[in-house]
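# Fold and contact review
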Amino acid sequence: MENAKTLEKGQNRLARELDNRAATQRPMVWRAPELLPNPDPRPGWTHRWVRTATMGVADPSNISSKLREGYEPCKGDDYPELMMHASTEGRFKGSIEVGGLLLCRIPSEILESRMQQHEVLNARQMESVDNTFLRDRDARSNMAMLVDKKSKVSFGSST
């Protein structure tokens, strides 16, 4: 055969060995499975896996704090791509649960508001640290309070 598209002797068709599925199919590549499946993105919602148990021991304080923050469990009916992970029993029956983790969602605007609140708290803390630093400076000296502290490690005996 001169090239892959060579026609059989005097006929108007490809050679039989070139006309099969294996010759036209892409090579299959193995990929490691995901530990936690990701839901398809939903506009206006942010998803997060929330711990319900560790090593088989329930963690009610963690899940209840996330529910109070505004997270809600994702139902398997609303996420058909993850329906195979829907819990069939327990407190979160019908919700998507994998290995002690529950898929939850929260409106993106609540999450954004929460992030802004934390930015304000962080800015206040930094301002407080700066004010404390300036208040504690010795007025008689122009030297800053920050002092280079160095330590030295030596091996062996000092004798």
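Everything discussed here concerns the structure shown above.
Below, the structure is looked at part by part. (Residues numbered from 1 in each chain as written. Predicted model: local features only at pLDDT ≥ 70, side-chain atom pairs only at ≥ 80, totals over all residues. Heavy atoms only, no water.)

## Observations regarding the overall build of the protein chain
- Of the regular secondary structure elements, the protein chain holds three helices and six strands.
- In the protein chain, the order of α-helices and β-strands from amino to carboxyl end is α-β-β-β-α-β-β-β-α.
- Looking at the protein chain as shown, the accessible area adds up to about 13600 Å², and 53% of this sits on carbon and sulfur atoms. (Helix = DSSP H or I, 4+ residues; strand = E, 2+ residues; numbered from the N terminus. Areas by Shrake-Rupley, 256 points an atom, 1.4 Å probe, with all protein chains shown as cover.)

## Side note on the packing of aromatic side chains
- Per the stated rule, a full pass over the model turns up zero aromatic pairs.
- Above the face of the tryptophan 45 ring, arginine 105 is positioned so that its terminal group lies 4.1 Å from the ring centre. (Phe/Tyr/Trp six-rings, centres within 6.5 Å; stacked < 30°, edge-to-face > 60°. Lys NZ or Arg CZ within 6 Å of the ring centre and 35° of its normal.)

## Regarding the nonpolar core
- Counting eight residues, the largest nonpolar core consists of Val50, Ile63, Tyr71, Phe92, Leu102, Cys104, Ile106 and Leu111.
- With three residues, the top contributor of residues to this core is strand E6 (residues 101–107).
- In this structure, leucine 102 is in contact with Arg48, Trp49, Val50, Thr52, Ile63, Pro73, Phe92, Ser95, Ile96 and Glu97, ignoring residues within four places of it in sequence.
- If you look at the next biggest cluster of nonpolar residues, it comprises seven residues, including Trp49, Tyr79, Leu82 and Leu103. (Core = buried A, V, L, I, M, F, W, Y, C linked by side-chain atoms within 4.5 Å. Buried < 20%, exposed > 50% of the residue type's maximum accessible area, 1.4 Å probe, protein only. Contact = heavy atoms within 4.5 Å.)

## As for helix H2 (residues 60–69)
- The complete set of buried residues in H2 reads Asn62, Ile63, Ser65 and Lys66. Relative to the axis of H2, the buried residues are bounded by an arc of 160° and lie together on one face. Counted as exposed and oriented over 90 degrees from the buried face of H2: Pro60, Ser61 and Arg68.
- Those residues of H2 that are buried are in contact with strand E1 (45–51) and E6.
- Of the residues trailing H2, glycine 70 is marked for its positive phi of about 120°. (Arc of directions from axis to C-beta.)

## Digging into the environment of tryptophan 49
- For tryptophan 49, the position within the fold is in strand E1.
- Judged by relative accessible area, which is 18%, tryptophan 49 ranks as buried.
- Each C-alpha atom of the pair tryptophan 49 and leucine 36 lies 8.5 Å from the other, and the pair is 13 residues apart in sequence.
- Dropping the residues within four chain positions of it, tryptophan 49 is found in contact with Leu36, Pro37, Ile96, Val98, Leu101, Leu102 and Leu103.

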